[in-house]
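These are the residues of each chain, in order.
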Amino acid sequence: MTNNRAKYYFLMPGVIWILAFTLFPLLYSFGLSLTNYRLGRNPKYIGFENYAEILGIGDEKVDKKAVSTASFSAFLFLGSTATTLFFGTFVAWVFNHNLPFLRQMRAVITMPLFAAPIALGWLGVVLFNEQSGPINNVLEGIGLGRVNWFIEPMPARFAVMLTDVWQWTPFVFIVVLAAMQSVPDDLYESAQLDTKSNWVLFRWITFPMIAPALGTVMLLRMVESLKIIDIPYSLTRGGPGSVTQTYVYYAYETGLVGSFQLGEAAALAYLMVVVSIVITSIYFYRVRERFE
Amino acid sequence: MKARFTILISIVVLLSGVFGVAAQDTFFGQTAEDLFPIPEVAETELEQTLAFEALMNANIPDGHALGEGKTITFGVLGQGSRGGISGTIYFWRNAFEAATGAELEIVEIPYNQLGTTIPADFLTGQYTYDVFIGAAWQYGDWVSNGWIQPIDQWIGDERFAHWSPEDTAPAFRALLQWGGETYGSQMDGDAQLLYYRHDILSDPEWHAAYEEEVGEPMPYPIVTWQDLLAITSFFNGKDWNGDGDPDDGISLHLAPGGQGHFHFATLAASFAVTPADGDDPRAVSKYDNVFWFDPDDMTPLINEPGHVMALEFLQELAATGQEAQFGWQLGEAWDNFLGGNAIATFSWGDVGSLSQNVERSAIRGSLGADVTPCSSEWYDRELGEVVVDTENPNCVGNTTGGSWHPTMSTFSENPELTYFYMALIANPSINFYNATTGWQGVDPCCTYQLYEPRGTAVSEDYTAVGFDASDMERYINAYGSNVYDKPTSVTYLRIPGTLEYIQETLDIRLSEAMTGQSTAQEALDNTAEDWADITDDLDVDSQLEIYQQAIGYMGGM
């Protein structure tokens, strides 16, 4: 009996943590999303009206801002995830060889990972500066001409994406490098009897062996890319216009800036939760399908 | 005996002289070096000396009875201890603490968080701030929610530094008040002026070149926005400053979140606002002196023909400057003009005082300043048509901007001590000094800063602090003319949700139009749609009542 009670004591902190910081906010914000609550005003229950307004269901017009910000989040979701995976894997592949100064270079390459995203955004303001930024200077130096990073919609979107890629490539690099280094050398030695091609070795030996790690990294990056707010906040302020405003940025502005429409912001956030759950479910379904 | 008496008298005179000097050289026992240490507070000895002189001339009373051992918290627009607006609060903190024995805590709030931090503090019942500096457009939220309290009961009380709302130009005084009561103490008077390169535009050689290229005389002095466009179009891309590179016509800042929307309001005023007929051209009717909403039903006016014309004009004007300006913040546009790379800009009074700082400005002695131009075409709401009249253009002034000033929290536990600091900063001697520094972002507001006949200042007041006399004559007279001479002025939007209407919608829609993502008409139609939704959310009837009160609309035609 005493032993039984002891195990509950040990479980208690974790249970309290989950209840207080996961379950309660989840239920409370769902309740909030069913109201028209603005901070400072009495909330009124309105059912799923907030969801209907965002999605344009029934008599409501679709929330154009939600759609446009969701499209930019989708752009980051696809573009940033794919680019980060590509560069991270490539750099890991390079570092998986015996080259001079690799250890020092590895330390340098991982540095952006430890910077606050908002600080990277501010740094991006300098780097992408149209007139005197080093990126434009390099582009001009190699004859590609200057890019209006903060003025034209598509370059502004790329500026946000590249800053995010810059921060997260080291994360992919570290995980994938660890996976590559766990591939037994004898596999390569056997394969090298048949081919010397690096590409063939990578395609048929390295890639299958690192695929589970890549899948996990991809999932984390996809969910992470849906949450991006700090980089556009500091880099572009969501502009020009609102083309670099992400969905989360929009939810933040709706709930916590000026109008404090917490009910609508909670509904926006919940829709994001649904999307994230769908993505992770698909991923785990595919993983299960593959490995069972 | 006679010799002894003479010695005694000499000693008395000497001692009184010594103590007299000592008394003059300290402020509650603190020297200029104590109050304005270099580099922590002041940057130069000159700044230290001038600030101390201003403080000594302010006749600050002893506030120890109010403040000994107490602490007050000041929330302020966050731009650092040497930045605009917040710099003022840091700069005089030591003086306040010396005069009261109290402690002043300063909490900086970034510009883009102003609409969040202060309301959230009140709405969640934290009441962190005894006093805070926000923008005058937030009065609608603050007063209607009961977050700030009137200060009339202390104005004129000898326990506090002297200042009087009567010294403030009426257009700015109105921004300190609501419903006949004074809520704010004077600090900054924001209005936008046209600035240009006086040396270039008055050069006969450039006049000849203009006439040769355009086929008609240069329209200078600039009277209308259309004149300005003609001039900036001519100069844009020419190397008129002789540095070997092509230079700009206009310098604007148009990045979202960077206060660019204010410039649209200033410009659009002459395209969209008509003064009232009759004795009082500033009288508000359904058709005259309205800019934001229809005062009868809160229908947004932002997509009416005058506003659309103005935005199309702004697009044309912006094309006579650098493309990069679409991504610029305020300081970048100023620096481009102050660095001598643009023929003109229109912006706040800061440009006038910053132009005198040779570390930041290359145009000291070459500054031209005037009221913002009139427009030779505008939309008459009553007629329902666009009027074109080049002989009698439509002229509308402005008090565009934050006119940043302190307001006291209703929940302050030390209201008199809080007012002590508000009054200290509002004192004419100190406020005059602040407005001459440039870096503090404090602009002229008051008669003691304006030249005759509008005020009592004289040229020597400005040359004494190192300003160029002719620059100041143009700048200060333009400032005075804007608030006293224009037949009318664009009404100031200060209703609940102003930040939402302006910063979260108009600002973004303008950016979309200026960067080619939408046409002027589309951008402003979208804005009108957004505004209608916001008004619905906030309750139309309540918004209408506050709007009518804010602009002084009494109903009828």
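Note that the coordinates shown come from a computational prediction; the quantities given were computed from them, not determined experimentally.

Definitions and limits used
Numbers given for residues are sequential positions, taken from 1 along each chain in its written order. Whichever chain is written first is A, and whichever ligand is written first is 1; the rest continue in order. For this predicted model, a pLDDT threshold of at least 70 governs which residues receive local features, and a threshold of 80 or more governs which side-chain atom pairs are given and counted, while totals over whole chains, interfaces and linings are taken from all residues. Put simply, DSSP marks the helices as runs of H or I at least four residues long and the strands as runs of E at least two long, and each gets a number from the N terminus on. Buried means a residue has 20 or more other C-beta atoms within 10 Å of its own C-beta, exposed means 12 or fewer, and partly exposed covers the counts in between; C-beta atoms are placed from the backbone. Strands were regarded as paired on the criterion that DSSP finds at least two bridges between them. C-beta atoms are first placed from the backbone for all residues, and any pair lying within 7 Å is then listed as a contact. For this classification, Asp, Glu, Lys and Arg are treated as charged, while Ala, Val, Leu, Ile, Met, Phe, Trp, Tyr, Cys and Pro are nonpolar and the rest, including Gly, are polar. The quantity known as pLDDT measures the predictor's confidence residue by residue, on a range of 0 to 100. Interaxial angle, 0 to 180 degrees, is taken between N-to-C directions of lines fitted to C-alpha atoms, where a helix line uses only the stretch in contact. Under this scheme an angle from 65 to 115 degrees is roughly perpendicular, one under 35 degrees roughly parallel, and one over 145 degrees roughly antiparallel; angles in between are oblique. The sense of a crossing depends on the near helix, which, turned anticlockwise from the far helix by less than a right angle, makes the crossing left-handed and, turned clockwise, makes it right-handed.

(A) Structural detail: unusual backbone geometry. All names here are of chain B. Between Ile38 and the following residue, Pro39, the backbone shows a cis peptide bond with an omega angle of 5°. Checked against the element boundaries, Pro39 lands in the loop between α2 (32–35) and α3 (45–57). Looking along the chain, the bond that leaves Glu452 and enters Pro453 is cis, with omega of 5°. Relative to the assigned elements, Pro453 resides in the loop between α18 (428–437) and α19 (459–463). In this model, Asn59 sits at a positive phi of 50°, which is unusual for a non-glycine residue. Note on placement: Asn59 falls in the loop between α3 and α4 (64–67). Judged by local crowding, Asn59 falls into the exposed class, with 10 C-beta atoms found within 10 Å. Within the chain, Met298 stands out as a residue other than glycine whose phi angle is a positive 65°. Looking at the element boundaries, Met298 is found in the loop between α13 (260–272) and α14 (305–318).

(B) Focus on the pairing of strand β1 (residues 71–77) of chain B. Residue and element names in this part refer to chain B. β1 sits mainly inside the fold: five of its seven residues count as buried. By the bridge criterion, seven bridges tie β1 to strand β2 (residues 103–109) in an arrangement that is parallel. Bridge assignment links Ile72 to a residue of β2, and that residue is Leu104. Judged from the three bridges that link them, β1 and strand β3 (residues 131–134) form a sheet pairing that is parallel. Following the sheet pairing, Phe74 is matched in β3 by Val131.

(C) Looking closely at the interface of chain A and chain B. Chain A puts 22 residues into the contact, and the matching count from chain B is 22 residues. Looking at the side of chain A that touches chain B residue by residue, the class counts come to nine nonpolar, nine polar and four charged.

(D) Representation of the pairing of strand β9 (residues 367–371) of chain B. Residues and elements named next belong to chain B. Burial of β9 is extensive: five of the five residues sit out of reach of the surface. As defined by bridge partners, strand β6 (residues 192–197) adjoins β9 across five bridges and the pair is classed as antiparallel. Bridging across to β9, Tyr195 finds its partner in Ala369.

(E) Looking closely at the confidence of the model for chain B. Residues and elements named next belong to chain B. Residue-level pLDDT values for chain B average 92, and 95% of them are 70 or greater. Within the model, pLDDT remains below 50 along residues 12–23, and this stretch shows zero contacts once partners closer than five positions in the same chain are excluded. Overall fold confidence for the complex sits at a pTM of 0.84, while the interface term, ipTM, reaches 0.77.

(F) Quick peek at the packing of helix α3 (residues 64–95) of chain A against helix α11 (residues 247–256) of chain A. Residues and elements named next belong to chain A. α11 packs onto α3 with a crossing angle of 140° between their chain directions and a minimal axis gap of 7 Å. As summarised for this structure, α3 and α11 are arranged oblique, according to the angle between their axes. Packed against α3, whose contacting residues are Lys65, Ala66, Thr69, Ala70 and Ser73, the element α11 presents Tyr247, Tyr249 and Tyr250 at the interface. In the contact of α3 with α11, the residues fall into five nonpolar, two polar and one charged.

(G) Summary view of the packing of α3 of chain A against helix α9 (residues 198–226) of chain A. Residue and element names in this part refer to chain A. Here α3 crosses α9 at 145°, and the two axes come no closer than 10 Å. α3 and α9 meet at a crossing whose hand is right-handed. Contacts from Ser73, Leu76, Phe77, Ser80, Thr81, Thr84, Leu85 and Trp93 of α3 reach α9 at Phe202, Leu214, Val217, Met218, Arg221, Met222, Ser225 and Leu226. The class makeup of the residues in the contact of α3 with α9 is 10 nonpolar, five polar and one charged.

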